[in-house]
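# Tertiary structure, described
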Amino acid sequence: MGFYLNSQTAYTLFRTEAKQPYFVDKSQMLEELFPFVDAGNKHICLTRPRRFGKTIMANMIVAFFSKACDAKELFDGFLISETEEYERYMNHYNVVHISFHDVPRNCRSYEQYIDRIETRLLEDIQREFPDVVFDKEDALWDVFMMLYVKQPDIQFIFVLDEWDFIFHQEFVTERDKREYLAFLRGLLKDRPYVCLAYMTGILPIQKYSSGSELNMFMEYTMAKSRMFSEYFGFSDAEVDMLYERYGRLQGNPFCVTRDDLRKWYDGYATPTGVRLYNPRSVVLALSNNSIDNYWTSSGPYDEIFYYIRNNIDSVC
């Protein structure tokens, strides 16, 4: 098992999440990714505020596509299993999964941060493809290109979670930010080994990159993009289902009413006008049997305000 390449970590985390009492099946999103995988060399970025399920969805995508483990028993109980091409895509791909919010202990520099990622990924490649000879000083994209030249049928799905995490770290300078954008461009842009690059972030790409570094990405925001919008956040019907489950699990006293959930957490809308609830808030309110400001406690207020001002057209 690799650390980033064909790792079982995402499968383990998603399987645990799926066993939680207030889990909602959003696996139909995978079917929308199938055409991107078939086309190849596709890059998509989904930006959402914190606690809207980005990491859970990233883990689901990795667990489904990665050849690291057999996830059939897990996904057979999900909606995606009802699709015609379900088994053709499941666990057939080499997947590189990087959570950029993981920082080395006592990290004080961008070099220390990015070297850890590069070193571990190179070690994964060497372990997975022992016949490919490369120098550890080679750039990651050069090593991936060596693999492609040797075996042109080998392609990779890249799942990059919270790619913009480092822009909020004190140890990162403006020069570091430029180098990081160049790193992502070198790894992903116009590379034949990229089958699909799926990336998540908090703020729009243009917030950090005004040039051509990441212009290969199609970006989908919560308020302005119809595609994928229903998979991040809970609909009225989904909250009804969860509230019914809450009634069975909680017992008396019921400290949360269905109207409480609507008043407190129904503050978002898709471009099609569908109302969305913040999933973290709903789950914690039902789990804790208590209404509270769960979302605003999950990140800095300035970050939340920026996202609302720039991305959400309708907020209560």
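Scope of this entry: the structure provided in the associated data block. Because the structure is a prediction, the values reported are computed rather than measured. Throughout this description, residue numbers start from 1 for each chain and increase along the sequence as written. pLDDT decides what is reported in this predicted model: residues at 70 or higher carry local features, side-chain atom pairs at 80 or more are listed and counted, and totals for whole chains, interfaces and linings draw on all residues regardless. The side-chain numbers reported here are obtained from all heavy atoms of the structure, hydrogens and water having been left aside.

A few words now on the overall build of the chain. A count of helices and strands for the chain gives 12 helices and 7 strands. Relative to the compact-globule value of 20 Å for 316 residues, the chain shows a C-alpha radius of gyration of 20 Å, a close match. Note on exposure labels: buried denotes an accessible area under 20% of the residue type's maximum, exposed denotes more than 50%, and partly exposed covers the range between, all computed with a 1.4 Å probe on protein chains only. Residue burial in the chain is summarised as follows: out of 316 residues, 53% are buried. We call two residues in contact whenever any of their non-hydrogen atoms come within 4.5 Å of each other. Put simply, 75% of the contacts in the chain that link residues at least 6 apart link residues at least 24 apart. Looking at the chain, you have 35 positive and 47 negative side-chain charges, and the mean spots of the two groups are 4 Å apart. Note on conventions: DSSP H or I runs of at least 4 residues are helices, E runs of at least 2 residues are strands, and numbering of each starts at the N terminus. Radius of gyration: over C-alpha atoms. The globule rule applied is 2.2 Å multiplied by the number of residues raised to the 0.38 power. As used throughout, the charge tally considers Lys and Arg to be positive and Asp and Glu to be negative, leaving His and the chain termini uncounted. All charge positions are set by atom: Lys at NZ, Arg at CZ, Asp at CG, Glu at CD.

Here Asn 6 shows up in the segment before α1 (9–18). Taking the relative accessible area as the measure of exposure, Asn 6 reaches 5% and is therefore buried. Only 3.2 Å separates the side chain of Asn 6 from the side chain of Glu 128, close enough to count as a polar contact. When sequence neighbours within four positions are dropped, the list of residues in contact with Asn 6 reads Met 1, Ser 66, Lys 67, Ala 68, Tyr 93, Asn 94, Val 95 and Glu 128. Here a polar contact means two N or O atoms within 3.5 Å. Within protein one must be a hydrogen donor candidate and the other an acceptor candidate, and residues neighboring in sequence count only if both atoms are side-chain atoms.

Glancing now at the environment of Phe 52. The residue Phe 52 is located in the loop between β1 (42–47) and α3 (54–65) in this model. Residues Phe 52 and Phe 232 lie 180 residues apart in sequence; the distance between their C-alpha atoms is 5.7 Å.

Our focus in this paragraph is the pairing of strand β6 (residues 266–269). Each pair of strands is called paired provided DSSP finds at least two bridges between the two strands. Strand direction decides the pairing type here: β6 and strand β7 (residues 275–277), joined by 3 bridges, are antiparallel. Counted as the bridge partner of Ala 269 is Arg 275 from β7. In this structure, the hairpin formed by β6 and β7 is closed by a connection of 5 residues, where Gly 273 is found at a positive phi of approximately 95 degrees.

Asn 252 connects to Pro 253 through a cis peptide bond whose omega is 5 degrees. Of note, Pro 253 is situated in the loop between α9 (236–250) and α10 (258–265). The backbone of Asn 41 sits at a positive phi, close to 55 degrees, despite the residue not being glycine. Note on placement: Asn 41 falls in the loop between α2 (29–39) and β1. Even without glycine at this site, Glu 162 takes up a positive phi of about 55 degrees. Locating Glu 162 in the fold gives a position in the loop between β3 (156–161) and α8 (174–188).

Attention now goes to the packing of aromatic side chains. Under the pairing criterion, centres of Phe, Tyr and Trp rings, with the six-membered ring standing for Trp, must be within 6.5 Å; the plane angle then separates stacked pairs below 30 degrees from edge-to-face pairs above 60, leaving the rest tilted. This structure, assessed with the given rule, holds 33 aromatic pairs. Sitting above the plane of the Phe 3 ring, Arg 120 keeps its charged end 3.9 Å from the centroid. Remark: a charge is flagged as sitting over a ring if the NZ atom of Lys or the CZ atom of Arg is within 6 Å of the ring centre and within 35 degrees of the ring normal.

What follows is about the environment of Asp 124. Within the secondary structure layout, Asp 124 lies in helix α6 (residues 110–128). For Asp 124, a relative accessible area of 3% corresponds to the buried category. For the pair Asp 124 and Ala 10, spaced 114 residues apart in sequence, the C-alpha to C-alpha distance is 16 Å. In this structure, Asp 124 is in contact with Gly 2, Phe 3, Tyr 4 and Leu 5, ignoring residues within four places of it in sequence.

A few words now on α1. Taken together, the buried positions of α1 are occupied by Ala 10, Tyr 11, Phe 14 and Ala 18. End-on, the buried residues of α1 take up no more than an arc of 95 degrees, which puts them together on one face. Buried positions along α1 lie against α3, α4 (72–75) and β2 (94–99). Regarding the arc, it is the one traced by the directions from the helix axis to the C-beta atoms.

Oppositely charged side chains are able to pair whenever their charged atoms sit close together. Put simply, a salt bridge is a Lys or Arg side-chain nitrogen that is within 4 Å of an Asp or Glu carboxyl oxygen. Applying the stated criterion across every chain, the model contains 15 salt bridges. Arg 258 is the salt-bridge partner of Asp 240, the closest N and O atoms lying 2.8 Å from each other. Here the residue Asp 240 occupies a position in helix α9, and Arg 258 occupies one in helix α10, the gap between them amounting to 18 residues. Classification of Asp 240 by relative accessible area gives partly exposed; the value is 40%. Arg 258 sits in the buried class, given a relative accessible area of 13%. Residue Asp 259 pairs with Arg 262 through a salt bridge whose shortest N-O separation is 3.8 Å. In this pair, Asp 259 and Arg 262 are both assigned in helix α10, 3 residues apart and thus about one turn of the helix distant. The exposure class of Arg 262 is partly exposed, given its relative accessible area of 34%.

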